[in-house]
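Overview (structure and organization)
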Amino acid sequence: MDLFRRLFTQSQAKPDELISKTIEPEPFEEQKATEATTVPIPAVNAVEEKDESEIAYADGATRPLPPETVITTSNMHLTFGQSTDVGMVRSNNQDAAFSFFSTSRNADQRPDFGLFIVADGMGGHHDGEKASAATAHIVAAQVTSSVYLPMLTGENDADRIPITEALVSAVQKANADIIARIPDGGTTLTATAIIGDLAYVVHVGDSRIYLITKDGIEQITRDHSLVQRLIELDQLKPEEAAHHPQRNVLYRALGQSESLEIDALTRRLPPNSRLLLCSDGLWNVVEEKDMLGIVIAHDDPQEACDKLVALANTNGGTDNITAILLYIPSS
Amino acid sequence: MPETQKFAGGSGDSSSDNSLQANSVVHRRYKILGILGQGGMGAVYQARDLNFPDVHKLVAIKEMLNPATDPAIHNSTLKLFQREANILATLNHPAIPKIFDFFDQNERFYLVMELIVGSDLEELINKTKELPVDKVIDWAIELCDVLEYLHTSQSKPIIFRDLKPSNIMIDNFGKVRLIDFGIAKIFDSDVRRHTMIGTEGYCAPEQYKGNVTTLSDIYGLGATLHHVLTRKDPRLEPPFSFGERPIREFNTNVPERFVEAIERALSLEPDKRFNSASEMKADLERLRYQPQVAFGAVAEVNDGTNFFDGLDADGAIQPKWKYPTEDEIRASASIYKEMVFVASYDTNVYGVNLADGEFAWKYATHGGIAASPIVDESNRLVLFGSEDKTFYALDCRNGRISWSYTTQDKIRSTARIAPDVDAVFFGSDDGHLHALNVLNGRFLWKHDMGDPIRSRPFIFNDLVIVGAESGEMVALELSGNRKWGFRARRSLTSSPYVDTIEGICYVGSTDGYMYALDASSGYSSWRFRTNGPIISSPVVHEGLLYFGSADGYLYAINAQTSREKWKFQTEKAILSSPVVHNGAVYFGGIDEYFYCVDIQTGKERWKFKTNGAITSTACIANDVILIGSLDKTLYALPLVG
Ligand SMILES: Nc1ncnc2c1ncn2[C@@H]1O[C@H](COP(=O)(O)OP(=O)(O)O)[C@@H](O)[C@H]1O
Ligand SMILES: [Mg+2]
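Basis of the calculations
- Residues numbered from 1 in each chain as written.
- Chains lettered and ligands numbered in written order.
- Predicted model: local features only at pLDDT ≥ 70, side-chain atom pairs only at ≥ 80, totals over all residues.
- Heavy atoms only, no water.
- Helix = DSSP H or I, 4+ residues; strand = E, 2+ residues; numbered from the N terminus.
- Contact = heavy atoms within 4.5 Å.
- Areas by Shrake-Rupley, 256 points an atom, 1.4 Å probe, with all protein chains shown as cover.
- Salt bridge = Lys/Arg side-chain N within 4 Å of Asp/Glu carboxyl O.
- Buried < 20%, exposed > 50% of the residue type's maximum accessible area, 1.4 Å probe, protein only.
- pLDDT = per-residue confidence, 0-100.
- Donors = N, O, S within 2.8 Å, 3.2 Å for Na, K, Ca; no water.
- Pairing = 2+ DSSP bridges.
- Axes fitted to C-alpha atoms, helices over the stretch in contact; angles between N-to-C directions.

**Overview of the overall build of chain B**
When helices and strands are tallied, chain B shows eight helices and 42 strands. Considering only contacts within chain B whose residues lie at least 6 apart along the sequence, 47% involve residues at least 24 apart. Of the roughly 26100 Å² that chain B leaves accessible, carbon and sulfur atoms contribute 47%.

**Things to note about the pattern of salt bridges**
In this structure the tally under the stated criterion is 46 salt bridges over all chains. Where Lys 62 of chain B meets Asp 180 of chain B, a salt bridge forms, and the shortest distance between an N and an O atom there is 2.9 Å. Of this pair, Lys 62 of chain B sits in strand E4 (residues 58-65) while Asp 180 of chain B sits in the loop between strand E9 (176-178) and strand E10 (196-197), and the two are 118 residues apart along the sequence. We note a salt bridge from Arg 235 of chain B to Glu 122 of chain B, for which the minimum N-O separation is 2.9 Å. Of the two residues, Arg 235 of chain B is situated in the loop between helix H4 (214-230) and helix H5 (247-250) and Glu 122 of chain B in helix H2 (residues 121-127); the sequence distance between them amounts to 113 residues. By the burial criterion, Arg 235 of chain B is buried, and Glu 122 of chain B matches it. Three or more residues joined by partner-sharing salt bridges are found here, namely Arg 222, Glu 232, Arg 252, Glu 261 and Asp 263 of chain A together with Arg 563 of chain B.

**So, the confidence of the model for chain B**
All names here are of chain B. Looking at chain B as a whole, its pLDDT mean stands at 88, while 90% of the residues score no less than 70. Low confidence marks residues 1-16, where pLDDT is under 50. Its contacts with residues over four positions away, or in another chain, come to 36 contacts. Within the model, the stretch residues 292-314 combines pLDDT values under 50 with six contacts to residues more than four positions away or in other chains. Scored by ipTM, the complex comes to 0.77, with pTM at 0.78.

**Regarding the coordination of the magnesium ion (ligand 2)**
All names here are of chain B. Taken together, the protein donors to the magnesium ion (ligand 2) comprise Asn 167 (OD1) and Asp 180 (OD), at separations of 2.3 to 2.5 Å. A residue pair is termed long-range when its members are at least 10 positions apart, and Asn 167 in the loop between helix H3 (133-152) and strand E8 (168-171) and Asp 180 in the loop between E9 and E10 qualify at 13 residues. Since its relative accessible area comes to 3%, Asn 167 is described here as buried.

**Some points on the sheet that holds strand E16 (residues 374-376) of chain B**
Residues and elements named next belong to chain B. Strand order in this open sheet of four strands is E16-E17-E18-E19, and the pairing throughout is antiparallel. Looking at strand neighbours, the two that pair on one side only are E16 and strand E19 (401-406), the edges of this open sheet. On average, adjacent strands in this sheet sit at an angle of 20° to one another, irrespective of strand direction. In terms of strand pairing, E16 meets strand E17 (residues 381-385) through three bridges, oriented antiparallel. Residue pairing across strands places Val 375 opposite Val 382, the latter belonging to E17.

Following this line, the structure appears as structure tokens:
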């Protein structure tokens, strides 16, 4: 192989090179069990996926593409939908939803950026809706200024604070604000910042994020509820939880105490996967298999969101319903 | 109801307008003097009993609202109240306040009882910084005693159900008094329609399934003691998470045996707790009244068995062979086929037979060797840099030199090969990352980082990722072009590690943090703080990240959330990098031990003592673990779980 060419050309790779460029552990590493054990088996899967998309690129339209990719064009980016409704029983909507997405094309090559937030407020006298609204706005403002703007200007690229840390401190700020200004209000908060194909998630309470891939639907957040805790400790069966008298008891929410523990996690989003953020008004009445069915069946995320909310209402609409749905592009 | 349940729906607020006014006389007998406390169902008043005109006899009157509007329910509630009050009135125990009278008036129920002068335990927690542990043990014994009484003295056990600091008073004699009997529960409707925040915090898990037994009170006692000793309010923590807050982490004054008793009381499964309050009482009495000497003796016996266990373990782990060198072994060995390659600070690289540790060949450089030799299998080369500034490629079969390449300063960075482009990368103290053709050592390019590079580069997705002593980390394309940069606050001596599935790069810094970065963009997603510099390179296995810190701990943290799963304490700093193999993690310490720790539990499986600090990483192949020590020796240990 022409080493010189490989090393000194920019990666404007030719098709044959792309195909040969699978990520394989170095043979040496395999022998040396010390590191071989740390290369988990599913790597094969990831490599396959990567291959597929690369081959699709390399030989153009010679083979049928998966249906999702047909509708997107070469300048592919994330698309999203957002829908919220008061439901059939409550008189006001205490949920808050926020969506923001930016994509650009230029020589600087900044990755796409998105910020999506669901907050489910609680407390009487409009305190709940005030708490969720304040939380959504404070988190959005903080993350925009601490993560998004520096990304645009490219300043101090090397010493930015870690993104989940920025998200966590935004949530802390919202919590402090609610305690000070809306002492009788509280709210859940589930938010994700998308940078490139990485999802940075912060989460408090029982709103949820589901990751939907060709393999199915997976809840990637963990409810901070009494019943969920009992389930995790094998003290309650999941099927008992749905009708438990205390299924609405949360052990963690914004507005509860100055010291708030916040879940944070980072997930790589596979090509063509979908991310659903929702309040308990959706997941309490719509089963996961129905969510999956609706999301898979729609090419337009907004249509899918509307359908999800409509189904929640059909199933009783006992609570406020919010859904935000992100469609991740194929590469 | 705890105040943390801010948003309880249903039951109406106890509107203060209906509460009893000071100086009013109720039931033609009790003159209200003031409010002692506010409970969930109404107030508790201090009153004077006018039946004793000549003395100032004070009582406490507990008020309970009857929220039922339906007359039938109202009546049955009244019946229940009367029955319960009658039971309470017959109780006779020093820790239970006497019940004098009960009546109802204006839709409210009143219980007249002995006034306790003192303060409840919740107040006491709030007012003090720490309570003497001996005192707490005394209270625990008294609480066990009253629980034993409640559970056994009547034909049917009386279950308290709601043991927590605010329901326990300490009177002016320092004695425990139980207030707030289950009687209030008659009125407590469990209809909770709206989401609310905060849990009871002290209730046993089975109580949420309606299975209340006497053992639930044992759990409540354990929860109360845990709160009193750790000062961590369980209502602000995830329910049933006491196990995640080991008592001694918050309060080192608590004797181990008291901790054990509390932990047992807090078992999630009722049958793992004490069988009864009296059993717990006996246990606590033993530890309270055992003379200090006996305490020591017990500890000594325990130490003794540990000591012998240790010996057994040490005895079991006998090296298959040892290979002595002339100076410290600072770097890791590597294996190819039947050969082991090990570098020593004595300036030599040795080829040793894997089977028996017999010498095969050696190659002498002109400086100490601190970097690990690596093997290029396809070209059968052993590659390493030396402090003589030179990078060497030897034939692995005979140790003869194939080529060499000289940099401007010492080389301490272990090299990395990109096999599909036949390139080898390594850093030098001359501040450059060097890229050479692995076949002939021809210079390809070098990248100037300004400060010495001692970490080992990682290759991921056609990016070479490496950190420098300046704290700067870069990702270079295979052509040498800079793709992204990142800066830690101090040096990056620890080598970056990329989880190739998730595409996340992890690197430790001497600033004490472990960082997680997106390997393709360099954006950092989180950092995790330890209490010492991190030199040890991380490794990911099944979603967990393992690394050591100079604070003496080996950490296992969730790679996605950066949450700690466990940490394992050694005597001194850990500089060596962990290796995960077959359910165990292996690493060496500056304390001269080589450890095997179970990755599920974070508990030691065995350890092996060398005669020097261990700074290098183990190399595991087939059935041997190779580990070098600063005692100049390479040990080949049998691979036992
Ligand atoms: N017998 C008593 N003597 C003195 N103070 C009392 C007495 N009973 C209750 N209190 C005070 O009133 C507070 C509330 O009483 P409690 O019986 O726990 O009510 P609730 O059932 O509403 O929680 C207690 O925390 C304590 O401070
Ligand atoms: Mg009480």
